[in-house]
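# Geometric and topological summary
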Amino acid sequence: MSTPGMLKKDDGSIQQALAGLETQISSMISSGQTVERINEEIAAGYISGASTVFQGKVSDWVDRYKKVMQAFDQLTESLSGASKTLTQADEDAGVAGGNWGASDGVYSALQG
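Cut-offs used in this document
- Residues numbered from 1 in each chain as written.
- Predicted model: local features only at pLDDT ≥ 70, side-chain atom pairs only at ≥ 80, totals over all residues.
- Heavy atoms only, no water.
- Helix = DSSP H or I, 4+ residues; strand = E, 2+ residues; numbered from the N terminus.
- Buried < 20%, exposed > 50% of the residue type's maximum accessible area, 1.4 Å probe, protein only.
- Contact = heavy atoms within 4.5 Å.
- Areas by Shrake-Rupley, 256 points an atom, 1.4 Å probe, with all protein chains shown as cover.
- Phe/Tyr/Trp six-rings, centres within 6.5 Å; stacked < 30°, edge-to-face > 60°.
- Core = buried A, V, L, I, M, F, W, Y, C linked by side-chain atoms within 4.5 Å.

### Here we look at the overall build of the protein chain
Tallying secondary structure elements over the protein chain gives three helices and zero strands in all. Helices and strands appear in the protein chain in the N-to-C order α-α-α. Within the protein chain, buried positions represent 16% of all 112 residues. Considering only residue pairs separated by 6 or more positions, the protein chain has 69% of its internal contacts joining residues 24 or more positions apart. In the structure as shown, the protein chain presents an accessible area of about 8400 Å², 56% of it carried by carbon and sulfur atoms.

Okay, structure coming up:
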């Protein structure tokens, strides 16, 4: 049973979240490359007003795509940073507490 308000670190969950983000990012990169390739092919082969409008829309999509990718990168970096911070905090707490265990009287008294 955990005490309310206590911070718990679940390495498995963090790693699973990071892996899921990496999978999603890989898929997004592939999609972005496909869109850019198609846009280049259209620009090279079709010269018309409709083609120009379409290319403008695709360029707008690519710009928005890049913003989303930056946000995904920031999220991945933040999640990884949070994991490192929690690991360090756990290590620091162990050192500060003398690595008290459940059988230690002070640990038991502080545990409530």
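Structure shown, so let's carry the discussion forward.
### Regarding the packing of aromatic side chains
Applying the stated criterion to the full structure yields one aromatic pair. When the centroid spacing of 5.3 Å and the interplanar angle of 10° are considered together, the rings of Trp61 and Tyr65 count as stacked. Linking Trp61 with Tyr65, this pair stays in helix H2 (residues 49–96), spanning four residues, or about one helical turn. The exposure class of Trp61 is partly exposed, given its relative accessible area of 36%.

### Description of the side chain of Ser51
You can see Ser51 is positioned in helix H2. Here Ser51 falls in the buried class, since its relative accessible area comes to 6%. Each residue touching Ser51, except ones within four places of it in the same chain, is listed here: Ile42 and Tyr46.

### What about the nonpolar core?
In this structure, Leu21, Ile25, Met28, Tyr65, Met69 and Phe72 together form the largest nonpolar core, which totals six residues. Broken down by secondary-structure element, the contributors of at least two residues to this core are helix H1 (11–45) and H2. The residues touching Leu21, leaving out its near neighbours within four places in the chain, are Phe72, Leu75, Thr76 and Leu79.

### Notes on the side chain of Asn39
Locating Asn39 in the fold gives a position in helix H1. Judged by relative accessible area, Asn39 falls into the buried class, the value being 14%. The contacts of Asn39, once residues within four sequence positions are left out, are Phe54, Gln55, Val58 and Ser59.

On their own, these measurements won't tell you what the molecule is for.
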